[in-house]
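Here are the chains, one letter per residue:
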Amino acid sequence: MVKAHGTLSIVGYHADGLRTIDVGQWNWKAINVINARESRNEYLTRCMKAGLDLIGSGKLDMASLVTHTYPLEGVDDAFKAMREKPRGFIKGVILPQT
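Residues numbered from 1 in each chain as written. Predicted model: local features only at pLDDT ≥ 70, side-chain atom pairs only at ≥ 80, totals over all residues. Heavy atoms only, no water.

Peer 1: Account for the packing of aromatic side chains, with residues named and values stated.
Peer 2: Here the structure, examined in full by the defined rule, presents zero aromatic pairs. The aromatic ring of Tyr-43 is capped on one face by Arg-40, whose charged end is 4.7 Å from the ring centroid. (Phe/Tyr/Trp six-rings, centres within 6.5 Å; stacked < 30°, edge-to-face > 60°. Lys NZ or Arg CZ within 6 Å of the ring centre and 35° of its normal.)

Next comes the structure, spelled out in structure tokens:
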């Protein structure tokens, strides 16, 4: 899964049961394991603000990731698409009314 002295970042976890991990193998390969799940609300808020600032300043272009757009009154459809991941779905955005 990861080479010796490599880094394994655990980004997602399917909570449908226990998993067995050979910790001895992790130790023998001297890998670094990072839990990428963040649950500190104040930190998440700071990161979201930093991301929005980057987008607002044009330093981060999100256009290539936005595959679906919704009006505010379509928020239920947006959440449905987020859950069901229709073909080609990467990111949905609710656009402000103009």
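Peer 1: Break down the environment of Val-66 for me, citing the residues and quoting the values.
Peer 2: Relative to the assigned elements, Val-66 resides in strand β3 (residues 66–71). A residue is classified by how much of its surface remains accessible, and Val-66, at 26% relative accessible area, is partly exposed. For the pair formed by Val-66 and Glu-42, sequence separation is 24 residues and the distance between their alpha carbons is 26 Å. The contact partners of Val-66, leaving out residues within four places of it in the chain, are Lys-91 and Val-93. (Helix = DSSP H or I, 4+ residues; strand = E, 2+ residues; numbered from the N terminus. Buried < 20%, exposed > 50% of the residue type's maximum accessible area, 1.4 Å probe, protein only. Contact = heavy atoms within 4.5 Å.)

Peer 1: Go over unusual backbone geometry with me, naming the residues and quoting the values.
Peer 2: Positive phi, close to 65°, is recorded for His-5, a residue that is not glycine. Tracing the backbone shows His-5 in the segment before β1 (7–10). Positioned with a positive phi, Ala-30 is a non-glycine residue whose angle comes to about 55°.

Peer 1: How would you explain the pattern of salt bridges if you had to name every residue and give the values?
Peer 2: Under the defined criterion, the tally for this structure stands at three salt bridges. Between Glu-38 and Arg-40 there is a salt bridge; the shortest N-O distance is 2.6 Å. Note on Glu-38: relative accessible area 25%, which makes it partly exposed. Here Arg-40 falls in the partly exposed class, since its relative accessible area comes to 44%. Among the salt bridges present, the one from Lys-49 reaches Asp-53, with a minimum N-O distance of 2.9 Å. (Salt bridge = Lys/Arg side-chain N within 4 Å of Asp/Glu carboxyl O.)

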